[in-house]
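# An overview of the molecular structure
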Amino acid sequence: MTEELENLLRPDLRGQTPYGAPQLDVPVQLNTNENAYAIPADVAAVIEEHLSREVRGLNRYPDRDATALRADFAAYLGHGLTADHVWAANGSNEILQQLLQAFGGPGRTVLGFMPSYSMHPLLARGTGTAFIDAGREDDYTLSADHVRRAITEHDPDLVFLVSPNNPTGTALDADVIEAAYEAARGIVIVDEAYVEFARDPNSTALNRLEGRRRLVVSRTMSKAFAFAGARVGYLAADPELVEKLLLVRLPYHLSSLTQAAARGALACAAQLQAEVDELKHQRDRIVKNLRAKGLPVADSDANFVLFGGLADAAAVWRAVLDQGVLIRDVGLPGCLRITAGTEEETTAFLDAVETVMARRPELFSTDS
Ligand SMILES: *Cc1c(COP(=O)(O)O)cnc(C)c1O
C-alpha cells in the first residue's frame, strides 16, 4: 500500500519530507521566532469584542475580498497605500503560495539566496515551480553585485529576497533590492516578516513600491503582532498585481473570524509595539552577551540571533535543551539560532549556554 501511494504521488513530491520544526513541550521555547509575549489583556478584550460581533453572522460567507481589513493594513503601512494595494491571506505563507501560483508554476523558476527562509523552497515545490538557489557570501551577506549576476544568469520568473533575513537576521541594503528589480524581468518579492524589529524602522522596501509594478512587499502579523496562531499575512504591491491574485485564491479563503481578529489586533498596533521594543532590547542583549562569551554572532535586525563558534552544533542544541531551553538547529554548520524571549526566558537561555560552556568546553570552538 505504501508503495502504491508513493507511486500515485506527483513524481516531484516522492521521497520528500514536510516542514517540521520540532514542537516540544519544554519550559522555554525559543525556536520558531514567535513573539514571546502573550496578547496583553486590554488588547485581548478588543479582539474578543471584534470576534463576538461576527459569531451570529457565521451562517454567511465572509467578505471574499477582505476590503475593510485591507484598508486597515493600508492605514498601518502608510506610504500613501490604499486597500487596492494590499492583499491578505492565512499567513504570509499563503501570500507567497498565491504569488507562486499566479506567477510561477510548472516550467517556471523562482530564484532565492539560501540560507534563507526554509519555506520558500517548499512553497516552490508545492506549486511545481523550480527553485534555484544562488547562495550568499560566506558571512551570509548579500551584495547587489551577487544578486545582479545571479538574476542575469538564471533569468527567473520570480525572485525571493528576505529582509531582515531568516535565519541570519541580516537586513538588505536598499541598493540590493534596487539591483534585483533592475536586473529581473519577473516578480521581485521582498519578504519583510521581521521588519518591525529592524534597528532602522524606515528600512522597508515600501519606500520603493511607487512606479515598480513587479515589486511585492510581503508582511505578516505572526511576529511583531504576536499573532502567529491567528494566521494572518499580507502584501503591498501595485493594484494590478493584486488583482491577478484573485485568479488563484480560494473563494472565501480568509474566514470572518480571522478578518475580525486581525482588525482588532491592528487597532492595537501601538500597544503591541511596546513589546516589539522590549524584544529588540532582549535581542541586543543576546548579541552582546554571546559576543562577550567569545562566540561569533551575526548582527541582527530581527527578533532572533544566529550564533556560531560551535564545534558540534547538534550536541550544543541538545545540551541547551537538557537545560529546558528549546532553540533552533537550522542546519548551518557550527551555528544555532535563538529567538529573543521575555527577559526571564532570555536569561534562562544565556544561563544555559554558560552552563554548557563550563561543563562541555569541547563542544565549542571559540578563540578565547
Ligand atoms: C516566520 C516567517 C514568515 C511568517 O509566516 P506566516 O505564514 O505569516 O506565519 C514569513 N517569512 C519569513 C522569512 C519568516 O521567517
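Residues numbered from 1 in each chain as written. Predicted model: local features only at pLDDT ≥ 70, side-chain atom pairs only at ≥ 80, totals over all residues. Heavy atoms only, no water.

Turning to the overall build of the chain, a few remarks are in order. If you tally the helices and strands in the chain, you get 12 helices and 11 strands. For the chain, whose C-alpha radius of gyration is 21 Å, the value lies close to the compact-globule estimate of 21 Å for 368 residues. For the chain, with 368 residues in total, the buried portion stands at 53%. In the chain, of all internal contacts separated by at least 6 residues, the share reaching a separation of at least 24 is 73%. (Helix = DSSP H or I, 4+ residues; strand = E, 2+ residues; numbered from the N terminus. Rg over C-alpha atoms; globule rule 2.2 N^0.38 Å. Buried < 20%, exposed > 50% of the residue type's maximum accessible area, 1.4 Å probe, protein only. Contact = heavy atoms within 4.5 Å.)

Running from N to C, helix H4 (residues 91–103) and helix H5 (residues 119–126) point in directions that differ by 45°, and their axes come no closer than 9 Å. Relative to H5, the element H4 is oriented oblique. Crossing handedness for the pair H4 and H5: right-handed. Two secondary-structure elements touch here, H4 through Asn93, Leu96, Gln97 and Leu100 and H5 through Met119, His120, Leu123 and Ala124. Within the contact of H4 with H5, the residues separate by chemical class into 5 nonpolar, 3 polar and no charged. (Axes fitted to C-alpha atoms, helices over the stretch in contact; angles between N-to-C directions. Parallel < 35°, antiparallel > 145°, perpendicular 65-115°, else oblique. Left-handed = near helix turned anticlockwise from the far one by under 90°. Nonpolar A, V, L, I, M, F, W, Y, C, P; charged D, E, K, R; others polar.)

Looking at the ligand, there are 13 residues lining it, with Asn93, Tyr194, Thr220, Ser222 and Lys223 nearest. At 2.7 Å from an oxygen atom of the ligand is found a main-chain nitrogen or oxygen belonging to Ser92. Contact distances for the ligand include 2.6 Å between an oxygen atom and a side-chain N or O atom of Ser222. Burial of the ligand by the protein chains amounts to 94% of its free accessible area of 390 Å². Here the shell around the ligand gets 3 residues from one element, more than from any other, and that element is H4. (Near = heavy atom within 4 Å. Polar contact = N/O pair within 3.5 Å; in protein donor to acceptor, adjacent residues only side chain to side chain. Areas by Shrake-Rupley, 256 points an atom, 1.4 Å probe, with all protein chains shown as cover.)

On to the side chain of Glu192. Residue position: Glu192 is located in the loop between strand E6 (187–191) and strand E7 (215–220). Classification of Glu192 by relative accessible area gives buried; the value is 1%. Every residue in contact with Glu192, bar those within four places of it in the chain, is listed here: Ser163, Ser203, Thr204, Ala205, Val217, Ser218 and Arg219.

Glancing now at the sheet that holds strand E2 (residues 86–89). Paired through backbone hydrogen bonds, the strands of a sheet run either parallel or antiparallel to each other. Spatial strand order, E2-E8-E7-E6-E5-E3-E4: 7 strands in an open sheet with mixed pairing. Each edge of the open sheet carries a strand with a single partner, namely E2 and strand E4 (130–133). Sheet twist, expressed as the mean angle between neighbouring strand axes with direction ignored, is 25°. The sheet contact formed by E2 and strand E8 (residues 233–236) spans 4 bridges and is antiparallel. Bridging from a neighbouring strand, Trp87 pairs with Leu235 of E8. Sheet contacts for H4: E2, strand E3 (109–112), strand E5 (158–162), E6, E7 and E8; angle to E2, the most-contacted strand, approximately 115°. (Pairing = 2+ DSSP bridges.)

Distances and angles like these do not, on their own, reveal function.
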